[in-house]
Amino acid sequence: MSSNKHTNLLAQETSPYLLQHAHNPVDWRAWNDVSLEKAKEEKKLIVISVGYAACHWCHVMERESFEDTTVAAVMNKNFINIKVDREERPDVDQIYINAVQLLTGNAGWPLNVVALPDGRPIWGGTYFRKDEWINALERLQQLYETEPQKLLDVADNLEEGIKSMDLLPLNTDDVDFKEISIDETIASWKESFDPLYGGTKRAPKFMMPDNVSFLLRQAIQNNDNKLLEQVTLTLDRMAYGGIYDHVAGGFSRYSTDIKWHVPHFEKMLYDNGQLVSLYSDAYKATKKELYKEVVEETLRFIAAEFTTDNGAFYSSYDADSDNENGELEEGAFYVFAKEELKTLIGNDFNLFSDYYNVNTFGKWEADHYVLIRSKSDEEIIDTYNISAEILNSKKTLWKKALSEYRSKRPMPRLDDKILTSWNGLMLKGYVDAYKAFGTEDYLDAAVKNAHFIKNNQMQTSGALLHNHKNGKSTINGYLEDYAAVIDAYISLYEVTLDMEWLDIANNLTAYTFEHFFDEKKKLFYFTSDEDPALVTRNFEYRDNVIPASNSIMAKNLQLLSHYFDNQLYAEVSKQMLKNVLPEMKQYPSGFSNWLSLLLDYQKPFYEVVVVGANAKEKLAKININYLPNILTAGSNIEASAPLLTQRYVDNQTLIYVCVNNACKLPESVIEKAINPIKLTK
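Read on for a plain summary of the structure. (Residues numbered from 1 in each chain as written. Predicted model: local features only at pLDDT ≥ 70, side-chain atom pairs only at ≥ 80, totals over all residues. Heavy atoms only, no water.)

**Structural notes on the side chain of aspartate 320**
Spelled out, the test is: Each helix is a run of H or I in the DSSP string that is no shorter than four residues. Each strand is a run of E no shorter than two, and both are numbered from the N terminus. For every residue, the accessible area obtained with a 1.4 Å probe (protein chains only) is divided by the maximum for its type, and the residue is called buried under 20%, exposed over 50%, and partly exposed between those limits. The positive count covers Lys and Arg only, the negative count covers Asp and Glu only, and His and the chain ends enter neither. Within this document, salt bridges are pairs made up of a side-chain nitrogen of Lys or Arg and a carboxyl oxygen of Asp or Glu, the two lying within 4 Å of each other.
Here aspartate 320 lies in strand E11 (residues 320-322). Within the buried set, aspartate 320 has no salt-bridge partner at all; the shortest N-O distance to an opposite charge, 4.1 Å, is to arginine 63.

**Points about the packing of aromatic side chains**
Within a pair of aromatic rings, the relevant descriptors are the distance that separates the centres and the angle that separates the planes. The criterion, for reference: In this analysis, rings of Phe, Tyr and Trp, with Trp reduced to its six-membered ring, are considered paired at centre separations within 6.5 Å, and the interplanar angle assigns stacked below 30 degrees, edge-to-face beyond 60, and tilted for intermediate values. To sit over a ring, a charge needs its Lys NZ or Arg CZ within 6 Å of the ring centre and within 35 degrees of the ring normal.
Applying the stated rule across the entire model yields 42 aromatic pairs. Seen from their ring centres, tryptophan 123 and tryptophan 133 are 6.2 Å apart, and the 40° between their planes marks the pair as tilted. Of this pair, tryptophan 123 sits in strand E5 (residues 121-125) while tryptophan 133 sits in helix H6 (residues 130-146); the two residues are 10 residues apart in sequence, bridging distant segments of the chain. Side by side, tryptophan 123 and tryptophan 133 carry an identical accessibility label, which is buried. Residues phenylalanine 128 and tryptophan 133 carry aromatic rings whose centres are separated by 5.6 Å and whose planes lie at 35° to one another, so their mutual orientation is tilted. Chaining the aromatic ring pairs together yields one cluster made of Trp28, Phe66, Trp123, Phe128 and Trp133. Above the plane of the ring of tryptophan 28 lies lysine 83, whose end atom (NZ or CZ) is 5.2 Å from the centre. For the cation-ring pair, arginine 86 lies above tryptophan 109, with the distance from its terminal atom to the ring centre recorded as 3.9 Å.

**As for the state of the cysteines**
A covalent bond between the sulfur atoms of two cysteines is what we call a disulfide. For the record, the criterion: We call a pair of cysteine sulfur atoms a disulfide whenever their separation is within 2.5 Å.
Counted according to the given criterion, the structure contains two disulfides. Covalent S-S linkage joins cysteine 55 and cysteine 58, the inter-sulfur distance amounting to 2.3 Å. In this structure the cystine formed by cysteine 55 and cysteine 58 twists about its S-S bond by roughly 80°; its chirality is therefore right-handed. Residue classification places cysteine 55 among the buried positions, given a relative accessible area of 3%. You can call cysteine 58 buried: its relative accessible area is 2%. Listing the disulfide partners of the chain by sequence rank of the bonded cysteines yields 1-2, 3-4.

**Quick look at helix H18 (residues 440-457)**
Let me state the cut-off plainly: How far a helix is expected to stretch is found by multiplying one less than its residue total by 1.5 Å.
Taking 1.5 Å per residue as the helical rise, H18 with its 18 residues ought to reach 26 Å, and the 25 Å between its terminal C-alpha atoms agrees with that figure. Buried within H18 are the following residues: Tyr442, Leu443, Ala445, Ala446, Asn449, Ala450, Phe452, Ile453 and Gln457.

**Topic: the pattern of salt bridges**
Within this structure, the stated rule accounts for 36 salt bridges. Two residues, arginine 217 and aspartate 600, come together in a salt bridge whose shortest N-O distance is 2.6 Å. Taken together, the residues span a long stretch of sequence, with arginine 217 in helix H9 (residues 209-221) and aspartate 600 in helix H23 (residues 592-602) at a distance of 383 residues. What makes arginine 217 buried here is its relative accessible area of 4%. Given a relative accessible area of 8%, aspartate 600 falls into the buried group.

**Overview of the sheet that holds strand E3 (residues 79-85)**
How we decide: Note: two strands are recorded as paired if DSSP finds a minimum of 2 bridges between them. To obtain an axis, a line is fitted to C-alpha atoms, over the contacting stretch when the element is a helix, and the angle between two such axes runs from 0 to 180 degrees between their N-to-C directions.
On the basis of which strands lie adjacent, the open sheet formed by five strands has the order E1-E3-E2-E4-E5 and mixed pairing. Two strands lie at the open edges of the sheet, namely strand E1 (28-30) and E5, each paired on one side alone. Taking each pair of neighbouring strands and ignoring which way they run, the sheet shows an average axis angle of 30°. By the bridge criterion, seven bridges tie strand E2 (residues 45-51) to E3 in an arrangement that is parallel. Within the sheet, the bridge partner assigned to glycine 51 lies in E3 and is aspartate 85.

If you want it as structure tokens, here you go:
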């Protein structure tokens, strides 16, 4: 454990990750102008170490190296040492992760880089053992003193490489999206599917919610039942797996094995926000009760443990917590010994152990079990000849007993900073859950969070701030913040019909055009033109665990072009999609959100507008259907917005369905209005 014998400048920071290192003997500094200027003045190499609070291997390297006085002596003598929270500074992280990717072909966290005094990287990697780390630093320092030109040459080459990594040529070809076939693209993607456990045939296994979301849409809109089976297999197995917290709800970041069993135990807000959206949509498409249960339990967890009094959402729980010996251990909070479970469950243990695999299938290491399911409730009901009501009652009692027992253990460390982009994802998750289930608490949570962002993260200039901690908002926002909040506010408008949220989304979009947009490339930079220059200013356009900020923006523009009859938005959205087409065909899993946008342009895309006194009620009934190829708008009074003007009729609530600038006759009956949409996929 860290001793307060040492204190460095990180003690002045608010990031939980930086504060975890505030008592290392290493002379850590935060990433700021003062730290960077000091490196230039003293002509010292910079150690840049990037991680995040919930990162298990970041903690391991801290214990082995950064808490070691011998390591600290080497670092403090010759280097300016800078710690970076990648969640606070994704712009800095991306520069150096690209550098390490170029240097080694592989990158992740902890991310450790050595740079010249001007910040340009010359060497780097991920986790290093103590001796490897010391040897590398000493070798680099010697080279810096004796052959500095070699390092300058490396820096020059790396700088060019970094600048070229995220360059996307402007596609000037005439493209008819309807003529583009993605059949071969999907066919090649299918080859990577795991037919036994879902997801992809590899470990570690990430959930990739946007991939699954696109594949769900692709399956249903093309009546591809085999693909739909693969999607539901993935959703089922993730929900059955140890990656899902069967006691309290919520998902961990990824599985270390192929069967979704043993997770890397950290829980991230961004995963859970997206997975709530995904399982809500999947429920609408399939009506599987399992998916409803996952959403309800996950949102119960978010409300209880990740939500502030003013409606904001915290960032993450650490993978590590104190074990019975008071030592940090991965998963200590979540795993159980068999004897513990026998005592807690009592007479139901045989049924419980079958349900959650307290056997060789569910065993992790030593006498530790990570609860994992392999059978559906229906199979258990048939095997034990019990009713669904009795099984559900038992499950409730089991979870209550395990939760109460687990609550006596030391909790995982909470990263309580509030990130605007991740709050946007969770806000949208709540809206999507409300659409699927109509639970008013979900809408209340969404509206409360939307007000938090508006009142705290939005500036009078129209800019967003990225971070909020201890009542203070800091760090100029990134494109991811604007993209996620615009997306969430559009969704919130669709269920509240409150034009405030749509107007704010439009204003934020105008701000991104002014400060992020590259007129020549027709893409948005990740950083604002008001931010200090780094090694390069990059475009984030490849989808990953979170969709790329540019793909979210392209979809936002497509929607806003309809809402505000804005031709510029439509043209830019189409051009952005054109730009990624060549790479998208080669690497579909890295472009799933773009592929979803392509479907908007390939298939009929409907405007569904409800106007009249009962507009919200009728829209709520429309929203319970899985209709990924629509946008909704409405008003209960006469309104002048482009989609609403001249559509109000006294004493009637009418549904207008339009596609390709052509509208059907208005309908008052919901099923009559939406049946053509269901049939025209």
